[in-house]
Protein chains: 4
Amino acid sequence: MFDGGASMANTFGKMFSITTWGESHGDAVGVVVDGCPPQIEIDIADIQKELARRRPGQSRITTQRRESDEAQILSGVFEGKSLGTPILIGVWNSDQRSKDYEHMRTKFRPSHADYTYQAKYGIRNWKGGGRASARETIGRVAAGAIAKKILAQEFGVEIVGYVKQVSDMVGDVDPETVTMADVESTIVRCPDPDIAERMIERIDEARKAGDTLGGVVEAVARNVPAGLGEPVFDKLEAELGRGVLSLPACKGFEVGSGFGGITMTGSTHNDPFYNEAGRIRTRTNYSGGIQGGISNGESIVIRAAFKPVATIMTPQETVDEDGNPTELSGRGRHDPCVLPRAVPMVEAMMALVLVDHALRQRGQVGDVG
Amino acid sequence: MFDGGASMANTFGKMFSITTWGESHGDAVGVVVDGCPPQIEIDIADIQKELARRRPGQSRITTQRRESDEAQILSGVFEGKSLGTPILIGVWNSDQRSKDYEHMRTKFRPSHADYTYQAKYGIRNWKGGGRASARETIGRVAAGAIAKKILAQEFGVEIVGYVKQVSDMVGDVDPETVTMADVESTIVRCPDPDIAERMIERIDEARKAGDTLGGVVEAVARNVPAGLGEPVFDKLEAELGRGVLSLPACKGFEVGSGFGGITMTGSTHNDPFYNEAGRIRTRTNYSGGIQGGISNGESIVIRAAFKPVATIMTPQETVDEDGNPTELSGRGRHDPCVLPRAVPMVEAMMALVLVDHALRQRGQVGDVG
Amino acid sequence: MFDGGASMANTFGKMFSITTWGESHGDAVGVVVDGCPPQIEIDIADIQKELARRRPGQSRITTQRRESDEAQILSGVFEGKSLGTPILIGVWNSDQRSKDYEHMRTKFRPSHADYTYQAKYGIRNWKGGGRASARETIGRVAAGAIAKKILAQEFGVEIVGYVKQVSDMVGDVDPETVTMADVESTIVRCPDPDIAERMIERIDEARKAGDTLGGVVEAVARNVPAGLGEPVFDKLEAELGRGVLSLPACKGFEVGSGFGGITMTGSTHNDPFYNEAGRIRTRTNYSGGIQGGISNGESIVIRAAFKPVATIMTPQETVDEDGNPTELSGRGRHDPCVLPRAVPMVEAMMALVLVDHALRQRGQVGDVG
Amino acid sequence: MFDGGASMANTFGKMFSITTWGESHGDAVGVVVDGCPPQIEIDIADIQKELARRRPGQSRITTQRRESDEAQILSGVFEGKSLGTPILIGVWNSDQRSKDYEHMRTKFRPSHADYTYQAKYGIRNWKGGGRASARETIGRVAAGAIAKKILAQEFGVEIVGYVKQVSDMVGDVDPETVTMADVESTIVRCPDPDIAERMIERIDEARKAGDTLGGVVEAVARNVPAGLGEPVFDKLEAELGRGVLSLPACKGFEVGSGFGGITMTGSTHNDPFYNEAGRIRTRTNYSGGIQGGISNGESIVIRAAFKPVATIMTPQETVDEDGNPTELSGRGRHDPCVLPRAVPMVEAMMALVLVDHALRQRGQVGDVG
């Protein structure tokens with residue numbers, strides 16, 4: 001059967017736009033970044049650092065799959081500065097261990113994309129999950145490093161993400177003051193030391209039991225200029241939501257008070273304005289920094305819910321490609337908890353959306369903030 | 001100051017694409033629908049019916065603002081069938097009562113878009129909130145009526161939305177069996193009769209107190225073909241999230257188990273496959289009908305959190321355009337609870353996303369489902 | 001047969017983007033303009049003036065079809081200034097005289113879009129040609145009026161178009177000095193008075209004979225800032241070409257020396273740089289103001305070839321919808337020569353492309369020119 | 001000065017969409033192809049063959065710059081078939097000889113993009129012209145090879161391009177019967193043997209004199225299904241024009257009778273329909289296979305005018321980056337005539353546009369042709 005392709009779904013962003021490419025067991029994965037302004041200092045070390053935070057095998061509570069994930073810039077940068085032309089970043093695969101997936105060739109892993117891919121395309125790269133695997137996020141994180149650089153240098157925006165919750169354990173974190181150093185001080189990336197310790201214990205237990213845990217990543221963007229986001233369909237929360245919900249295993253998104261705010265009343269759930277030395281501020285921040293779809297200058301706080309992932313070690317009921325009932329056991333080296341590795345991914349999506357809108361806004365007023 | 005415009009944000013959808021237009025106190029509001037296939041039966045009555053569900057003044061628990069909201073089709077339809085050309089739908093405003101907003105001319109309403117619009121554009125249509133007002137949703141709901149028609153006739157897809165929660169009152173609803181008739185049987189649109197009664201009481205109390213309540217709309221799409229959605233950035237949940245989060249007052253989105261699933265473990269949060277008379281089914285549906293970003297044929301269940309809106313009757317602290325502290329009291333006739341009116345809006349966004357993807361998928365395989 | 005629609009083709013432009021709507025014998029035709037910056041003075045009279053230049057029945061050498069073409073702005077403008085939100089302009093049809101087309105209901109007019117539309121869609125609005133008719137250009141010309149306003153006020157760019165050639169009669173015109181007044185001084189819009197006189201005679205003859213003539217429109221944009229256009233695919237000449245070639249009856253496009261330059265050698269076909277009081281100029285302008293796809297500050301000169309249109313009064317061989325040979329005679333009131341009416345259309349497309357790029361460039365450097 | 005980037009211009013196509021990347025003296029150049037349907041046989045040899053036709057140093061009448069241009073596929077293909085995911089093709093540079101351009105570092109080459117790039121971006125990759133150089137066309141030609149494969153296998157469409165004219169020498173070629181073998185039988189790619197011989201002589205003379213010649217490439221697509229192209233803005237001739245006019249040195253485009261048809265009258269310039277064994281045909285083809293912007297099933301014939309390029313060996317007047325008058329002599333190894341190498345480029349752009357529309361049309365009717 002001849003099937004059409006779909007060119008609309010591998011690209012993200014309008015003014016700052018990225019296209020990811022590569023299958024997990026193909027030759028390489030990476031990204032084309034289109035829209036980086038010229039004269040931005042691009043250092044492969046910044047990109048490498050973000051990729052390391054995403055990398056499997058980085059600690060004992062993540063999957064033991066080891067990949068070297070070394071990036072290379074093939075275009076768009078000259079003498080350490082961007083040219084304003086497309087930047088191609090590639091990461092060559094290592095340590096693929098396809099045989100981990102050999103036994104799954106004709107079986108559908110439950111709660112994975114195997115069945116849906118087959119239903120859609122009539123072909124799949126069964127080795128390791130193809131484009132549905134988290135290796136596709138390498139391109140996003142690499143591009144996110146560039147986005148973060150632009151945001152920091154040109155707009156003074158800082159983005160910090162962290163694990164807010166694992167299973168029923170919730171960290172106490174102040175988004176106004178938390179730093180990247182706080183987050184990176186623990187392998188679980190939760191900057192509440194007591195909760196972090198408990199999280200590590202519970203994840204260890206899950207790993208030994210061959211089970212997995214879910215949780216929430218929270219991310220804050222500070223010093224965001226007012227005016228980002230566009231009314232109607234490109235509201236900032238809608239764009240942030242889209243970016244984050246496109247991450248693997250993400251099943252929920254909220255901004256500001258989110259689902260928690262629905263039990264409040266309007267008289268309480270309100271952010272009054274006041275004048276702080278010439279700058280318009282709000283006394284509270286239930287809005288999460290966004291009103292009417294546009295940033296108001298307060299910190300933007302978002303949260304992403306990640307389900308406990310489904311590749312586990314105990315046998316499961318499933319069907320094969322011909323519809324016959326069969327059984328499947330996951331093998332290989334999987335994540336007992338994706339949350340620590342999800343932090344740089346959520347930060348990357350936040351950065352991509354914010355830089356896209358900052359560049360659009362610059363086009364609108366010439367000056368931002 | 002000369003400002004650039006932004007043409008990227010008033011359009012939604014790729015293959016089935018809508019552009020809304022009109023300010024709340026302008027001459028008219030409406031939508032251009034581009035991508036409706038030819039030969040679809042278009043009946044103004046279907047559109048009018050959806051607009052009525054959205055309309056203010058429809059019951060005592062919504063705002064008492066009365067608008068006639070009569071729609072007119074100006075292009076794209078000939079002898080009752082779509083031509084495949086752009087369909088322009090316009091709705092002429094009535095009952096605007098601008099003087100309700102006169103006193104706000106130079107003051108920023110807290111938790112509204114007044115300040116952010118000013119920060120962004122340097123001009124605003126202060127009469128009634130301009131494009132940030134919910135009247136902009138008229139175009140979406142009108143276009144959603146067309147989307148629903150295509151989904152129903154050509155794909156057999158049915159969408160039902162309802163109020164799931166208001167404040168701390170949660171309805172017990174089975175998404176697999178709830179019908180539009182169940183929903184429309186009560187003015188609060190919650191198909192759990194006992195909870196509905198309590199909801200109406202509490203909303204009445206809020207209205208008298210000049211306060212507002214928030215809540216959750218849940219929506220289900222049944223009989224969705226497998227294969228809708230595209231991996232990486234156009235994952236179905238990402239697109240649904242973007243559509244829903246672009247609605248006014250929406251602060252959170254989740255699909256399937258959402259935020260609730262994060263306390264489960266992978267061994268439990270799993271949807272095993274089985275073969276039901278040649279059709280691949282899952283025994284449970286924590287995924288909410290979407291796996292790896294693509295629909296698997298099970299019902300798609302989503303939830304949207306709406307904050308308690310901020311226009312209330314008691315005086316509030318704020319600042320004016322020059323940054324001077326001042327006070328503001330809302331006047332006019334506002335919603336004590338937006339949830340019943342949000343139901344057709346959430347359904348509309350769900351329909352717009354699903355029809356866009358159904359048409360894309362048809363382009364991929366010729367046949368869908 | 002159920003057909004998909006296509007939403008990608010009714011919109012033009014990226015940052016300043018227009019969507020036209022309406023069928024020639026529908027209720028109205030018009031355009032949604034998305035991306036007009038806020039605070040631009042919008043006067044319905046400017047739009048009306050351009051529409052009058054496009055209108056049939058404007059002189060004895062154009063079609064005698066009379067249409068009043070009165071435009072109305074329905075959104076996006078407030079107290080005479082743009083809001084930065086979508087601007088909807090509608091023009092209500094009059095004088096349709098559908099019975100002119102009644103006899104053609106089932107027959108394909110040669111060299112028209114009747115057959116191709118049927119092949120594509122399986123339905124057509126046979127009354128008057130549907131979307132293929134030149135009435136669809138009303139929306140473009142209306143939007144072009146807004147584009148011209150922005151270009152003039154904010155960038156100092158002036159666009160003048162004129163009839164350069166009709167059949168074998170070529171006017172002698174200096175693009176550097178020709179004015180709109182020169183052009184509008186004659187009903188054939190050729191600012192070479194002697195040639196204009198001959199053109200009018202020959203068109204009169206063609207009209208009486210029931211035949212038609214073709215020709216060339218030339219248009220110049222003066223005082224264009226350097227830096228507009230983007231390398232690779234959005235080269236300025238590519239975008240101008242696309243805009244102009246999408247006009248009805250246009251079969252060729254060239255810029256600068258165009259097809260005429262191919263007999264020159266590189267040593268002659270060259271525009272040397274020199275410094276004129278701090279401004280970089282070129283001594284000649286074979287490039288037509290565009291080098292490497294980007295404007296260099298010199299006048300941009302383009303030419304569009306319009307074929308002699310095919311609706312004529314003598315009987316023609318054709319087939320009907322069932323493939324049976326039949327005969328067809330055009331009736332009605334058609335154009336013996338579309339060129340005078342094509343001038344505002346070519347100007348409009350030029351303006352739409354240049355304003356789109358001027359706004360993009362402003363996004364790149366903050367300041368243009 | 002901080003400049004914004006522009007992500008909108010490096011991508012071409014909507015359903016079948018390509019993004020080219022790479023600077024001429026960067027590490028590599030190439031393309032990401034997004035939208036190739038799954039299960040298409042992709043063979044690197046097909047791509048390599050097209051690149052060879054484009055390559056410099058291929059014959060004595062082209063530039064003597066030698067580049068090996070060896071392509072590599074890094075993603076999107078598995079066991080010889082496309083996956084439906086993005087296909088990354090890279091070509092590693094060799095033989096760059098940057099020192100040819102060293103002396104130009106601060107001088108603007110007349111009729112090149114040096115000045116306009118500087119005006120736009122404030123930075124340029126002066127080594128060899130950056131993105132303005134023809135090496136950027138490698139990505140297009142590689143992607144075009146894939147587009148041609150899809151067109152041939154799935155739609156039966158064949159594309160043949162050839163040199164129609166060099167300077168004042170015009171070949172006599174029948175687009176209905178000319179074959180790729182005819183074209184490739186001579187290094188000048190003009191399938192009229194007598195004219196080809198003269199062309200080669202004249203190009204030799206120009207090369208020795210350090211001068212250059214221009215000309216016209218004509219291309220035909222045969223067996224095109226009726227129904228491709230979309231009315232209003234995505235008319236097939238507008239899209240073909242945009243694609244071709246974005247090629248380096250292209251200054252004009254026409255389809256069918258083009259500029260030549262304007263001296264005809266409507267009674268002669270007409271393509272009557274007739275029924276040929278159930279298939280609707282036209283007796284003549286002045287339309288060039290396109291009516292009302294949509295293909296009618298007849299051969300599509302287009303022509304592109306290429307100017308005589310401006311890098312020549314004799315000294316020229318110019319200015320440097322500070323505006324001071326100076327002199328410049330081209331060095332290096334340039335093309336005396338770009339036409340033979342332009343043939344695969346024009347074919348590639350034609351293939352990219354036609355496959356994009358064929359895939360869109362398939363989305364509209366399920367079946368094409």
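Because the structure is a prediction, the values reported are computed rather than measured. Position labels on residues start from 1 in each chain and follow its written sequence. Written order determines the labels here, with chains lettered from A and ligands numbered from 1. Per-residue local features of the predicted model are confined to residues with pLDDT of at least 70, and side-chain atom pairs are confined, for both listing and counting, to 80 or more; whole-chain, interface and lining totals are unaffected and use all residues. As a rule here, side-chain values come from all non-hydrogen atoms in the structure, and water together with hydrogens is ignored.

1. Some details on the overall build of chain A
Numbering goes from the N terminus for both helices and strands, where a helix is a DSSP run of H or I of at least four residues and a strand is a run of E of at least two. For chain A, the count of helices and strands is 8 helices and 18 strands. Buried residues in chain A amount to 71% of all 369 residues. Long-range contacts, defined as pairs at least 24 residues apart, comprise 70% of the intrachain contacts of chain A with a sequence gap of at least 6. In this description, accessible areas are obtained by the Shrake-Rupley approach with a 1.4 Å probe, and a residue is regarded as covered only by the protein chains that are shown. When the accessible surface of chain A is split by element, carbon and sulfur atoms take 47% of a total near 10,700 Å². Residue burial is assigned from relative accessible area. The probe radius is 1.4 Å, only protein chains are included, and a residue is buried under 20% of its type maximum, exposed over 50%, and partly exposed in between. The contact criterion used is simple: two residues touch if any of their non-hydrogen atoms lie within 4.5 Å.

2. A short note on helix H7 (residues 236–245) of chain A
Burial analysis of H7(A) places 10 of its 10 residues in the buried class, which makes it a mostly covered element. Within H7(A) the residues assigned to the buried category are A:Leu236, A:Glu237, A:Ala238, A:Glu239, A:Leu240, A:Gly241, A:Arg242, A:Gly243, A:Val244 and A:Leu245.

3. A few points about the confidence of the model for chain A
All names here are of chain A. For every residue, the predictor assigns a confidence score, pLDDT, that lies between 0 and 100. Model confidence for chain A is summarised by a mean pLDDT of 85, while 81% of its residues fall at 70 or above. Every residue in residues 1–6 is under pLDDT 50, and counting partners more than four places away or in other chains gives 32 contacts. The model gives residues 97–104 a pLDDT under 50, and that stretch makes 18 contacts with residues more than four places away or in other chains. Predicted complex, confidence summary: ipTM 0.90, pTM 0.88.

4. Digging into the side chain of C:Arg189
Residues and elements named next belong to chain C. By the secondary structure assignment, Arg-189 is in the loop between helix H5 (180–184) and helix H6 (193–209). In this structure Arg-189 comes out as buried when scored by relative accessible area, which is 6%. Polar contacts, as used here, are pairs of N or O atoms within 3.5 Å; protein pairs need one atom able to donate a hydrogen and one able to accept it. Residues neighboring in sequence count only if both atoms are side-chain atoms. There is a polar contact of 2.9 Å between the side chain of Arg-189 and the side chain of Glu-184. Discounting residues that sit within four places of it in the chain, Arg-189 has contacts with Arg-53, Gln-58, Tyr-162, Val-163, Val-183, Glu-184, Pro-340, Arg-341, Val-343 and Pro-344.

5. Focus: the sheet that holds strand S4 (residues 70–73) of chain B
Residues and elements named next belong to chain B. Here, a strand pair is defined by DSSP locating no fewer than two bridges between the strands. If you trace the 5 strands from one edge of the open sheet to the other, you get S1-S2-S3-S7-S4, paired in antiparallel fashion. Edge positions in the sheet fall to strand S1 (11–12) and S4, since each has one partner strand and no second. Across 4 bridges, S4 lies against strand S7 (residues 87–92) in antiparallel orientation. Residue pairing for S7: Ala-71 is matched across the bridge by Val-91. Axes here mean lines fitted to C-alpha atoms, for a helix over just the part in contact, with angles spanning 0 to 180 degrees between N-to-C directions. Most of the contacts of helix H1 (residues 44–54) go to S4, to which it runs at about 150°, and overall it touches S4 and S7.

6. Observations concerning the interface of chain B and chain A
The interface of chain B with chain A comprises 107 residues on the first partner and 107 residues on the second. Buried surface area refers to the total accessible area, computed with a probe of radius 1.4 Å, that the two partners give up upon joining, counted for both partners together. Across the chain B to chain A interface the summed buried area is about 8,500 Å²; carbon plus sulfur atoms make up 60%. Here, a salt bridge means any side-chain nitrogen of Lys or Arg that lies within 4 Å of a carboxyl oxygen of Asp or Glu. Along the contact surface separating chain B from chain A lie 4 salt bridges. Between A:Asp234 and B:Arg242 there is a salt bridge; the shortest N-O distance is 2.6 Å. Counting every contact that joins chain B to chain A gives 23 residue pairs in polar contact (both at pLDDT 80 or more). In terms of strand pairing, strand S11 (residues 250–255) of chain A meets strand S11 (residues 250–255) of chain B through 3 bridges, oriented antiparallel. Each bridged residue has a counterpart across the sheet, and for A:Gly252 the counterpart in S11(B) is B:Glu254.

7. A closer look at the nonpolar core
Residues grouped as a nonpolar core are buried Ala, Val, Leu, Ile, Met, Phe, Trp, Tyr and Cys residues, joined through side-chain atoms within 4.5 Å. If you look at the biggest cluster of nonpolar residues, it comprises 163 residues, and the most contacted ones within it are A:Phe16, A:Phe306, B:Phe16 and B:Phe306. Apart from the residues lying within four places of it in its own chain, the contact partners of B:Phe306 are A:Ile262, B:Gly214, B:Gly215, B:Val217, B:Leu247, B:Pro248, B:Ala249, B:Cys250, B:Val338, B:Leu339, B:Ala342 and B:Val346. C:Cys36, C:Ala145, C:Phe253 and D:Ile203 belong to the second-largest nonpolar core, a separate cluster that totals 162 residues.

8. Looking at the relation of the copies chain B and chain A
Of the transformation placing chain B onto chain A, the axial shift is 0.0 Å and the rotation is 180°, giving an RMSD of 0.0 Å. Here the copies are linked by what is in effect a two-fold axis. Taken as a fraction of all interface residues of chain B, those also at the interface in chain A reach 100%, which identifies the copy contact as same-surface. All copies are superposed by least squares; the fitting set is the C-alpha atoms of residues with a pLDDT of at least 70 in both.

9. Comments concerning the packing of H7(A) against helix H7 (residues 236–245) of chain B
Two elements in contact, H7(A) and H7(B), have axes separated by 8 Å at closest approach and are oriented at 165°. Judged by the angle between their axes, H7(A) and H7(B) are roughly antiparallel. H7(A) and H7(B) meet at a crossing whose hand is right-handed. Listed contacts from H7(B) to A:Glu237, A:Ala238, A:Glu239, A:Gly241, A:Arg242 and A:Leu245 of H7(A) are B:Glu237, B:Ala238, B:Glu239, B:Gly241, B:Arg242 and B:Leu245. Roughly parallel means an angle under 35 degrees; roughly antiparallel, over 145; roughly perpendicular, 65 to 115; everything else is oblique. For a crossing to be left-handed, the near helix must be turned anticlockwise from the far one by less than a right angle; the clockwise case is right-handed.

10. Details of the packing of aromatic side chains
Two rings belonging to Phe, Tyr or Trp (six-membered ring only in the last case) form a pair when the distance between their centres is within 6.5 Å. Interplanar angles under 30 degrees mark stacking, angles over 60 mark edge-to-face geometry, and anything in between is tilted. Summed over the entire model, instances satisfying the criterion amount to 6 aromatic pairs over all chains. With 5.7 Å between their ring centres and 55° between their planes, A:Phe259 and B:Phe259 make a pair best called tilted. A residue pair is termed interchain when its members come from two chains, as with A:Phe259 in the loop between S11 and strand S12 (273–276) and B:Phe259 in the loop between S11 and strand S12 (273–276). Both residues of the pair, A:Phe259 and B:Phe259, belong to the buried class. The criterion is that NZ of a Lys, or CZ of an Arg, lies within 6 Å of the ring centre and within 35 degrees of the ring normal, and then a charge sits over that ring. The ring of A:Tyr274 is capped by A:Arg283, whose NZ or CZ atom sits 4.1 Å from the centre of that ring.

11. So, the sheet that holds strand S8 (residues 158–166) of chain D
With antiparallel pairing, 10 strands are arranged side by side in an open sheet as S9(C)-S8(C)-S10(C)-S16(C)-S11(C)-S11(D)-S16(D)-S10(D)-S8(D)-S9(D). Single-partner strands in this sheet number two, and they are strand S9 (169–170) of chain C together with strand S9 (169–170) of chain D. Relative to S9(D), S8(D) runs antiparallel, the two being bridged by 2 bridges. Across the sheet, the residue bridging to D:Val166 is D:Met169, located in S9(D). Docked against the sheet, helix H7 (residues 236–245) of chain D engages strand S11 (250–255) of chain C together with strand S11 (250–255) and strand S16 (300–306) of chain D, running at close to 155° with respect to S11(D).

12. Let's talk about the pairing of strand S7 (residues 87–92) of chain D
Residues and elements named next belong to chain D. Counted residue by residue, S7 has 5 buried out of 6 residues, so it is predominantly covered. As defined by bridge partners, strand S3 (residues 28–34) adjoins S7 across 6 bridges and the pair is classed as antiparallel. Bridging from a neighbouring strand, Gly-30 pairs with Gly-90 of S7.

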